[in-house]
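Structural overview
Below are the chains, spelled out letter by letter.
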Amino acid sequence: MTKPKIEWRVQENGYYCLSGALERDTVPAFWQQRQAWMPQDAQVTLDLAALTRVDSAGMVMLLHVYQQLRQQGAELRFLNVPEQLLTLLRLSHVESMLAACIK
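Keep in mind that this is a model prediction, so the values were computed, not measured. (Residues numbered from 1 in each chain as written. Predicted model: local features only at pLDDT ≥ 70, side-chain atom pairs only at ≥ 80, totals over all residues. Heavy atoms only, no water.)

1. A look at the environment of R24
Locating R24 in the fold gives a position in the loop between β2 (15–22) and α1 (27–32). Linking R24 and S56, residues 32 residues apart in sequence, is a C-alpha distance of 7.7 Å. If we ignore the near neighbours within four places in the chain, the residues touching R24 are D55 and A57. (Helix = DSSP H or I, 4+ residues; strand = E, 2+ residues; numbered from the N terminus. Contact = heavy atoms within 4.5 Å.)

This is how it looks when you write it as structure tokens:
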């Protein structure tokens, strides 16, 4: 069995895709490498359509991405947010934090 992984792809200027399993087994190593993939654009669109799984660790990582980009003065927009992630955001009472970002 192959280990689940996360892939961050640059599609075009400011448009990114996140794919794979965004979960407790994959997030720590991926987050450690964030200097290599963290966007520097003023406007960032992150397409989540290719995520196969998201757990609470993945949700927290996305919240940290949001926070870090805001601190840099960037605007973040999420596209194709999986229902699993929307449910986690609601259950964690943080949906309002990202409501303006979810398209």
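The rest of the description comes next.
2. A look at the nonpolar core
Counting residues in hydrophobic clusters, the biggest one holds 33 residues, and the most contacted among them are L18, L22, L46, L48, M61, L62 and F78. Those elements that place two or more of their residues in this core are β1 (6–12), β2, α1, β3 (43–47), β4 (51–54), α3 (56–71), β5 (75–79) and α4 (83–91). Every residue in contact with L46, bar those within four places of it in the chain, is listed here: W8, Y16, C17, L18, L62, L76, R77, F78 and L79. (Core = buried A, V, L, I, M, F, W, Y, C linked by side-chain atoms within 4.5 Å. Buried < 20%, exposed > 50% of the residue type's maximum accessible area, 1.4 Å probe, protein only.)

3. A look at α3
Across its 16 residues, α3 extends 23 Å between first and last C-alpha, which sits within 8% of the 22 Å expected from 1.5 Å per residue. One side-chain oxygen of the residue at the start of α3 lies 3.0 Å from the amide nitrogen of A57, identifying that residue as D55. (Expected span 1.5 Å × (residues − 1). Polar contact = N/O pair within 3.5 Å; in protein donor to acceptor, adjacent residues only side chain to side chain.)

4. Re the pairing of β3
For β3, the buried fraction is high: 4 of the 5 residues fall into the buried class. Pairing between β3 and β5: 5 bridges, direction parallel. By the bridge assignment for β5, D47 is matched with L79. (Pairing = 2+ DSSP bridges.)

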